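Architecture at a glance
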Amino acid sequence: MPIRPATADAPEVVEAPPSTASRATRLLGGACLLALATLLVFAFVLTNPDERVDEATNLVTGQSDAVRLLYVHAPVAIVAYVAFSVTALGGVMVLWKQSTWWDITAASSAEVGVLFSGLTLVTGSIWGRPIWNTWWEWGDVRLMTTLMLFLIFVGYLAYRRTITDTRVRARRSAVVGIIGAINIPIVYKSVEWWENRTLHQQSSLTDGKLEDLTLLALMFGMVVFLAIYVWLMVHRFRIGWLEHQAETSGLSAAIAERRSQADDAVRAAVGDTGPDHGNAP
Amino acid sequence: MTHLGYLIAGWGISLGAIGLYATSLLRRGRTLSARVPADRRRWMTTDD
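Nothing here was measured: the structure is a model prediction, and the numbers come from that model.

Looking at the overall build of chain B
The secondary structure content of chain B amounts to one helix and zero strands. Across the 48 residues in chain B, those meeting the buried criterion constitute 25%.

Below, the structure written as structure tokens:
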């Protein structure tokens, strides 16, 4: 943020930034890029392909190099859950406190969450082709519940655009966001609740079957994509804040102009009616 | 390396989409900043 130094005539002024970037976001962005490069080294160089040899048959099983897709697929899925949870939390806070700050946070997180849940679907599909021999399985509960989650929040964003009154929009979309987030635990638990109706494996993190380096790469991937989520959120929030300010400043200007016109009209009317009417109480 | 095409597609689409979205956010931010008066560009203050 540029700082205009104090002079004899004017005190020191911190000028408003000309964009949504700040020193902190630049630092975070740089750290994200470095961390992402490190994650790529983990995913493609340091970790081994998933190959297990069956001692009885001497057959090689496992996902081979396709496992390297999970270092992006699992983290973006977790970030999508986090993003939609933040939207639901924002919705609760909007209904409780009628807070514009939380409304913008909820909407921003929904938009970023839609990106990440879309990437979850795409990377899952790309991973499924070599492993399951199919791009998509319509009867699979994990895939379908994830698709539903994605579509609910696409609908949330579309619904927000249909309402112009900011307070009505905040309240109604808060309810949609909270209801939509109910789907998150259903998506997460679907592989356990309906284990016979999914090709998807159960949680790799909790079954304890991962090698140390694979687990480390997965956990590091989650940290990296969470940091990217934070960077995107900060910028998206600031855009939402600017949009809100543009809306309200535009409205304030319109109200001021209308009042000025009304005052002119009253003055003109008083002038037209002459001094007798003009002095009437 | 096996499944190289799938790996490139999966990672490429993910990083590409995030990069494009990040770029679009920066552009939207610059455009909007020009439309909003400087005294209203404070992120953490609110009138509510």
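From this point, the discussion proceeds with the structure in view.
Some details on the overall build of chain A
Secondary structure assignment for chain A yields seven helices and four strands. Across chain A, helices and strands are ordered from the amino to the carboxyl terminus as β-β-α-β-β-α-α-α-α-α-α. When each of the 281 residues of chain A is scored for burial, the buried share is 35%. Long-range contacts, defined as pairs at least 24 residues apart, comprise 73% of the intrachain contacts of chain A with a sequence gap of at least 6.

Looking at the interface of chain A and chain B
The interface of chain A with chain B comprises 37 residues on the first partner and 30 residues on the second. Listing elements by their share of the side of chain A that touches chain B, those giving two or more residues are helix H2 (70-97), helix H3 (100-132) and helix H7 (212-278) of chain A. Along the lines of polarity and charge, the residues of the side of chain A that touches chain B split into 21 nonpolar, nine polar and seven charged.

A look at the packing of H2 of chain A against helix H5 (residues 166-181) of chain A
Residues and elements named next belong to chain A. Between H2 and H5, the least distance of the axes is 8 Å, while the angle of their chain directions is 140°. By the angle class used here, H2 and H5 are oblique. Two packed elements cross with a definite hand, and for H2 against H5 that hand is left-handed. Across the interface between the two elements, Phe84, Ser85, Thr87, Ala88, Gly90, Gly91, Val92, Val94 and Leu95 of H2 pack against Ala170, Arg171, Ala174, Val175, Gly177, Ile178, Gly180 and Ala181 of H5. When grouped by side-chain class, the residues that make up the contact of H2 with H5 number ten nonpolar, six polar and one charged.

Considerations on the pairing of strand E4 (residues 60-64) of chain A
Residue and element names in this part refer to chain A. Bridge count between strand E3 (residues 50-53) and E4: three bridges; the pairing is antiparallel. When the sheet's bridge partners are listed, Arg52 is paired in E4 with Thr61. Linking E3 to E4, which pair antiparallel, is a turn of six residues; within it Asn58 sits at a positive phi near 65°.

Concerning helix H1 (residues 23-46) of chain A
The terminal C-alpha atoms of H1 of chain A, which comprises 24 residues, lie 33 Å apart, in line with the 34 Å expected from a rise of 1.5 Å per residue. For H1 of chain A, the full list of buried residues reads Cys32, Leu39 and Ala43 of chain A.

Quick word on the confidence of the model for chain B
Per-residue confidence for chain B gives a mean pLDDT of 84, with 83% of residues at or over 70. On the interface metric, ipTM, the complex scores 0.87, and its pTM is 0.83.

Points about unusual backbone geometry
Residues other than glycine seldom take positive phi values, yet Asn133 of chain A does so here, at roughly 65°. Tracing the sequence through the fold places Asn133 of chain A in the loop between H3 and helix H4 (141-162).

Digging into the nonpolar core
Counting 66 residues, the largest nonpolar core has Val79, Ala83 and Tyr229 of chain A as the members making the most contacts within it. Elements that contribute at least two residues to this core include exactly H1, H2, H3, H4, H5 and H7 of chain A together with helix H1 (4-35) of chain B. Residues in contact with Val79 of chain A, not counting those within four places in the same chain, are Phe116, Phe225, Leu226 and Tyr229 of chain A.

A look at the confidence of the model for chain A
Residues and elements named next belong to chain A. Mean pLDDT for chain A: 86, with 86% of residues reaching 70 or above. Looking across chain A, the model is least confident in strand E1 (residues 3-4), with a mean pLDDT of 48, and most confident in H2, with 96. This model gives residues 274-281 a pLDDT under 50, and the stretch forms two contacts once residues within four places in sequence are excluded.

What to know about the packing of H4 of chain A against H5 of chain A
Residues and elements named next belong to chain A. Axis separation between H4 and H5 bottoms out at 10 Å; the angle between their running directions is 175°. In this view, H4 runs roughly antiparallel relative to H5, as classed from their interaxial angle. Along its contact with H4, which presents Ile152, Phe153, Tyr156, Tyr159 and Arg160, the element H5 presents Arg169, Ser173, Val176, Gly177 and Gly180. Residue composition of the contact of H4 with H5, by class: five nonpolar, three polar and two charged.

Here we look at the environment of His3 of chain B
By the element assignment, His3 of chain B lies in the segment before H1. With residues up to four places along the chain from it excluded, the contact list for His3 of chain B reads Ser64, Asp65, Ala66 and Pro130 of chain A.

Rules used in this analysis
- Residues numbered from 1 in each chain as written.
- Chains lettered and ligands numbered in written order.
- Predicted model: local features only at pLDDT ≥ 70, side-chain atom pairs only at ≥ 80, totals over all residues.
- Helix = DSSP H or I, 4+ residues; strand = E, 2+ residues; numbered from the N terminus.
- Buried ≥ 20, exposed ≤ 12 C-beta atoms within 10 Å, placed from the backbone.
- Contact = placed C-beta atoms within 7 Å.
- Nonpolar A, V, L, I, M, F, W, Y, C, P; charged D, E, K, R; others polar.
- Axes fitted to C-alpha atoms, helices over the stretch in contact; angles between N-to-C directions.
- Parallel < 35°, antiparallel > 145°, perpendicular 65-115°, else oblique.
- Left-handed = near helix turned anticlockwise from the far one by under 90°.
- Pairing = 2+ DSSP bridges.
- Expected span 1.5 Å × (residues − 1).
- pLDDT = per-residue confidence, 0-100.
- Core = buried A, V, L, I, M, F, W, Y, C linked by C-beta atoms within 7 Å.

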